[in-house]
Amino acid sequence: MKRILLILPLLLIGLGACQPNATPDQYNTRAANPQLLNDCSQRLTNIIIHDIFKPPVASRIYGYTYLATYEALRPGYAGYPSLLGKLNGSTPAPKPQPNEAYCFPLASLKAFLTVSRALTFSEDLWDKFDQEMAPKLKALNIPNDVYDRSVQYGEAVAKHVLAYAGKDHYKETRGFRYSVTNKPGTWVPTPPSYADACEPQWNTVRLFTLDSARQFRCPPPATYDLNPKSKFWKLTREVYDMGKRQDKEEQAIAYFWDDNAFVTNVSGHVMFASKKMTPPGHWLAIATTLARQQKFSMIQSAQLYSLTSIAMYDAFITCWDEKYTSVRIRPETVINNNLDPTWRPFLETPAFPEYVSGHSDISAAAGRVIARLVGPNVAFTDSTEQPYGHGVRHFSSIEAAYQEASISRVYGGIHYRDGVEEGTHQGEHVGQWVLTKLVPEPVIAAK
């Protein structure tokens, strides 16, 4: 984790000076504009893409950032309970001073910027964003004492969350290299880059809500068996046949949900990479689309983003525990070695074991949370990845979207059907658990 900056960013210093003060109702209403939070969210996603964080790590960044954002905001809104103190290993957030005036939306933005800056690399991009945000915050016309007090409170919450993050065993997992066993049926690095296994110790990172990484265990995968009549071979043959027929709609679905943070491109003897949004970024973008569509307030949006991020983070840990327990071989390796050495999947095979599908897992976890807070049968158009060349798709419900995200991995040639189906089931359990533990009562709409 990067050190916490003790000097406030320029955008949050002295902006209240020499301005006509607004009334509390005026400045709180202006500051509670959810677009301010969404602007911050978009910048964080852009920086995660720029810095090429792997999907599990990206989920950690989002999780702690939105936790701090929500905790710094919720004291201003009755009925929105604290998450700190309920999450594993956490203690309650600092409390604001009694009988003092605050602008909690401003405190929330400060908490967001402090945590997200501390957990990413590109400080120059955050500096530029500070300059873009400065006039927006200045226009709030918050009295100097309220401004400074709110900023200090947001920073206090951010430091509390960063201290909590610092004890999650993430640092201890850095630099660990996985040893391939080469046992029949187990994962080996795949073309074109033959990269090392991704985050092989992610199951040791502290969970937010689950009792253990094995709380929702998947059934064992189909036994590795090259007999043409075996279940495993039938699963393999299905992936191979899908790839051979090159169905355009299946390929469009696969590409839309690719979300590979670092795609390797090979042209002759030249190899280069392109960056894309991570799966957690994609689902938070969907959450943002729905929050806008439903006209969510800032507190509703912050709660939605925080709970969605927590669910995805825990789902990654449970999924990764299964991946490095079963260590199942990827379809590409089986097909190349036993069926067709020239066959290539439509998508690049990720650098970790197959069972279960991480994309299926975290999509279902996010989907269950979003469906609870937004509504299960809300239709929407997902155009959030259009800037990255992924096009636009329309969905009748949240479940329809996460089920399509799941099967897309089979269409892409990188997962077997049981890997995506069991990943979806596990993710649904995780998402429901997060809701049960953190949102026991009906969600209270902000006024």
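Check the entry above for the structure.
These numbers were taken from a predicted model, which means no experiment stands behind them. (Residues numbered from 1 in each chain as written. Predicted model: local features only at pLDDT ≥ 70, side-chain atom pairs only at ≥ 80, totals over all residues. Heavy atoms only, no water.)

Okay, the overall build of the protein next. Across its full length, the protein carries 14 helices and four strands. Here the C-alpha coordinates of the protein stretch approximately 75 × 50 × 40 Å along the principal axes. When burial is assessed residue by residue, the protein has 58% of its 447 residues classed as buried. Put simply, 81% of the contacts in the protein that link residues at least 6 apart link residues at least 24 apart. (Helix = DSSP H or I, 4+ residues; strand = E, 2+ residues; numbered from the N terminus. Buried < 20%, exposed > 50% of the residue type's maximum accessible area, 1.4 Å probe, protein only. Contact = heavy atoms within 4.5 Å.)

A few words on the environment of Arg 417. If you trace the backbone, Arg 417 turns up in helix H14 (residues 417-438). Considered as a pair, Arg 417 and Tyr 355 are 62 residues apart in the sequence and their alpha carbons are 10.0 Å apart. With near-sequence residues (within four places) excluded, Arg 417 lies in contact with Leu 235, Glu 238, Met 242, Ile 407 and Val 410.

Turning our attention to the nonpolar core. Formed by 137 residues in total, the largest nonpolar core has its most connected members in Tyr 64, Leu 67, Trp 202, Trp 257, Trp 283, Leu 304 and Ile 370. A per-element tally of this core places helix H10 (residues 298-326) first, with 16 residues. (Core = buried A, V, L, I, M, F, W, Y, C linked by side-chain atoms within 4.5 Å.)

Attention shifts here to the packing of aromatic side chains. Evaluated as defined, the whole model comprises 27 aromatic pairs. Ring centres of Phe 53 and Phe 121 lie 4.9 Å apart, and the angle between their planes is 35°; this geometry places the pair in the tilted category. Here the residue Phe 53 occupies a position in the loop between helix H2 (34-51) and helix H3 (55-73), and Phe 121 occupies one in the loop between helix H4 (104-119) and helix H5 (123-138), the gap between them amounting to 68 residues. The exposure class assigned to Phe 53 is buried, which follows from its relative accessible area of 7%. On the numbers, 6.2 Å between centres and 70° between planes, the contact of Phe 216 with Trp 433 is edge-to-face. Here Phe 216 is found in the loop between helix H6 (144-165) and helix H7 (231-245), whereas its partner Trp 433 is found in helix H14, with 217 residues between them in sequence. (Phe/Tyr/Trp six-rings, centres within 6.5 Å; stacked < 30°, edge-to-face > 60°.)

Now for the packing of helix H12 (residues 358-374) against helix H13 (residues 398-411). Where H12 contacts H13, the axes come no closer than 9 Å and their chain directions differ by 180°. In this view, H12 runs roughly antiparallel relative to H13, as classed from their interaxial angle. Two secondary-structure elements touch here, H12 through His 359, Ser 360, Ser 363, Ala 364, Gly 367, Arg 368, Ile 370 and Ala 371 and H13 through Ile 398, Tyr 402, Ala 405, Ser 406 and Arg 409. By residue class, the composition of the contact of H12 with H13 is six nonpolar, five polar and two charged. (Axes fitted to C-alpha atoms, helices over the stretch in contact; angles between N-to-C directions. Parallel < 35°, antiparallel > 145°, perpendicular 65-115°, else oblique. Nonpolar A, V, L, I, M, F, W, Y, C, P; charged D, E, K, R; others polar.)

Our next topic: the pattern of salt bridges. Where charged atoms from two side chains of opposite charge come close, those side chains can pair. Tallying each qualifying case throughout the model produces 21 salt bridges. Where Asp 39 meets Lys 136, a salt bridge forms, and the shortest distance between an N and an O atom there is 3.1 Å. Linking Asp 39 in helix H2 with Lys 136 in helix H5, this pair joins segments that are 97 residues apart in sequence. We classify Lys 136 as partly exposed; its relative accessible area is 37%. Taking the shortest distance from any N to any O, the salt bridge between Glu 322 and Arg 217 comes out at 3.3 Å. Pair noted here: Glu 322 is in helix H10 and Arg 217 is in the loop between H6 and H7, with a separation of 105 residues, a long-range link. Judged by relative accessible area, Glu 322 falls into the buried class, the value being 3%. (Salt bridge = Lys/Arg side-chain N within 4 Å of Asp/Glu carboxyl O.)

With that settled, consider H3. Look at H3: 27 Å from first C-alpha to last across 19 residues, which is about the 27 Å you get at 1.5 Å a residue. Burial runs high along H3: 19 of the 19 residues are buried. (Expected span 1.5 Å × (residues − 1).)

What follows covers the environment of Lys 276. Mapped onto the elements of the fold, Lys 276 is located in the loop between strand E2 (270-275) and helix H9 (279-293). Looking at Lys 276, the relative accessible area reads 8%, which means it is buried. Each C-alpha atom of the pair Lys 276 and Ala 261 lies 4.7 Å from the other, and the pair is 15 residues apart in sequence.

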